[in-house]
Amino acid sequence: VDPDEVGRILEKIGTTPDGKHWNTGSCGHGTCVEFATAVARGRSSMALCPIYLARQYEQAVRDAIHDGLTGVFSYRVLDERLREELSRASRTGTSLAVLFVDLDKFKPINDTYGHGVGNQVLRGVASVLKDATRSTDIVCRYGGDEFVVILVNPDRTGADHVAEQIRAGVEAFKIATTDGQQAGVTVSIGVAYHSGVTQANVTGEELMAEADAALYVAKAQGGNTVHPTVGGERVR
């Protein structure tokens, strides 16, 4: 049997520290090496390996909640996490901020340099978002060239500071193109703020709508800017 093929199968399986299956014998073999050898010879199937199946399941779960291109959370996570954090804020009196982030003039990047460079720009923006936020915050790709950031328990000044940090970080990010040019974008950001105690009845839809309204103003001002919420007592 080809030892390289056995090695590739072992990489797919993964092993316990002692090189055995978690449930030894459930695949019909005493060790992962014996099992991989049998698979390489066509005498067994990966579907019989509980470790491999568990890893496949874990990967499927990760793929379901993360955007495949940028690695941040996918749109389907946004609604659930926003409801959870709003409920927590209403119970505990802590604050919450939503940042609606939209790339300015992203289409010309794709048209001029191709979707490969466009994808690099999207990944770069996602990286800026992650670097500017904490592990307790939630970064989601809303769709296309839009992202939403949920900041957990910030003060109003802190939320605006994170938004400005993101704006400046994206403006500074550039991709080197094959013709020796540099491609980059700017972002417009609308900020909605929920204080917890004084606005306990706000819904996720209302908060998103307020962030979207603020984003509209930021875009109307020419882009590459941050604008706070334009409605209600959330205006500074």
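See the structure above.
For clarity, every value in this text was computed on a predicted model and none was experimentally measured.

Draft legend 1. Representation of the overall build of the protein within the structure. In terms of regular secondary structure, the protein is built from eight helices and seven strands. A total of 236 residues make up the protein; the buried ones form 42% of that total. In the protein, the share of contacts with a sequence separation of at least 24, taken over all contacts with a separation of at least 6, comes to 64%. For the protein, the accessible surface area stands at approximately 12,200 Å², while carbon and sulfur atoms represent 50% of it.

Draft legend 2. Summary view of the nonpolar core. Among the nonpolar cores identified, the biggest contains 31 residues, and L99, L103, V121, F147 and I166 are the most heavily contacted of them. Elements supplying a minimum of two residues to this core: β1 (96–104), α6 (115–132), β3 (146–152), α7 (156–172) and β6 (186–194). With eight residues, the top contributor of residues to this core is α6. Counting 17 residues, the second largest nonpolar core, distinct from the first, contains L96, I138, V148 and M208.

Draft legend 3. Highlighting helix α1 (residues 3–13). Here α1 has its buried residues at V6, I9 and I13. Looking straight down α1, one finds its buried side chains confined to an arc of 65°; they lie on one side. Opposite the buried face of α1, by more than 90 degrees, sit the exposed residues D4, E11 and K12. The backbone nitrogen of D4 has a side-chain oxygen 2.9 Å away, supplied by the residue at the start of α1, namely D2. A positive phi of about 80° marks G14, the residue just after α1.

Draft legend 4. Molecular detail of the packing of helix α4 (residues 75–92) against helix α8 (residues 204–220). Remark: α4 packs on α8, axes separated minimally by 9 Å, with the N-to-C direction vectors making an angle of 105°. With respect to α8, the element α4 is oriented roughly perpendicular. Facing L78, D79, L82 and L86 of α4, the residues of α8 in contact are G204, E205, L207 and M208. Residue composition of the contact of α4 with α8, by class: five nonpolar, one polar and two charged.

Draft legend 5. Summary view of the pairing of β3. A large share of β3 lies buried, amounting to six of its seven residues. Here β1 runs beside β3; their pairing, made up of seven bridges, is antiparallel. Bridged to L99 within β3 is V149. Pairing geometry for strand β2 (residues 138–143) and β3, over five bridges, is antiparallel.

Draft legend 6. Region of interest: α7. Taking 1.5 Å as the rise per residue, α7 with 17 residues should run 24 Å; its terminal C-alpha atoms sit 25 Å apart, in good agreement. Looking at the packing, one finds that the buried side of α7 touches β1, α6, β3, β6 and β7 (226–228).

Draft legend 7. Fine view of the side chain of T177. Inspection of the secondary structure assignment puts T177 in the loop between β4 (175–176) and β5 (182–183). Not counting the four nearest positions on each side in its chain, T177 is found in contact with Y113, Q182 and A183.

Draft legend 8. How the structure looks around the packing of aromatic side chains. Scanning the model with the defined rule gives two aromatic pairs in all. When the centroid spacing of 5.3 Å and the interplanar angle of 70° are considered together, the rings of Y75 and Y142 count as edge-to-face. In this pair, Y75 is assigned in helix α4 and Y142 in strand β2, connecting sequence segments 67 residues apart. A residue is classified by how much of its surface remains accessible, and Y75, at 49% relative accessible area, is partly exposed. On the basis of relative accessible area, Y142 is assigned to the partly exposed category, the value being 28%. Residues F100 and Y142 carry aromatic rings whose centres are separated by 5.0 Å and whose planes lie at 70° to one another, so their mutual orientation is edge-to-face. Placement of F100 in strand β1 and of Y142 in strand β2 is noted, with a sequence separation of 42 residues between them. For F100, a relative accessible area of 3% translates into the label buried. Pairwise contacts between aromatic rings join Y75, F100 and Y142 into one cluster.

Draft legend 9. Quick look at unusual backbone geometry. Unusually for a residue other than glycine, K105 sits at a positive phi of about 50°. Here K105 shows up in the loop between β1 and α5 (107–113). Judged by its relative accessible area of 69%, K105 falls in the exposed class. Even without glycine at this site, N153 takes up a positive phi of about 60°.

Analysis parameters
- Residues numbered from 1 in each chain as written.
- Predicted model: local features only at pLDDT ≥ 70, side-chain atom pairs only at ≥ 80, totals over all residues.
- Heavy atoms only, no water.
- Helix = DSSP H or I, 4+ residues; strand = E, 2+ residues; numbered from the N terminus.
- Buried < 20%, exposed > 50% of the residue type's maximum accessible area, 1.4 Å probe, protein only.
- Contact = heavy atoms within 4.5 Å.
- Areas by Shrake-Rupley, 256 points an atom, 1.4 Å probe, with all protein chains shown as cover.
- Core = buried A, V, L, I, M, F, W, Y, C linked by side-chain atoms within 4.5 Å.
- Arc of directions from axis to C-beta.
- Polar contact = N/O pair within 3.5 Å; in protein donor to acceptor, adjacent residues only side chain to side chain.
- Axes fitted to C-alpha atoms, helices over the stretch in contact; angles between N-to-C directions.
- Parallel < 35°, antiparallel > 145°, perpendicular 65-115°, else oblique.
- Nonpolar A, V, L, I, M, F, W, Y, C, P; charged D, E, K, R; others polar.
- Pairing = 2+ DSSP bridges.
- Expected span 1.5 Å × (residues − 1).
- Phe/Tyr/Trp six-rings, centres within 6.5 Å; stacked < 30°, edge-to-face > 60°.

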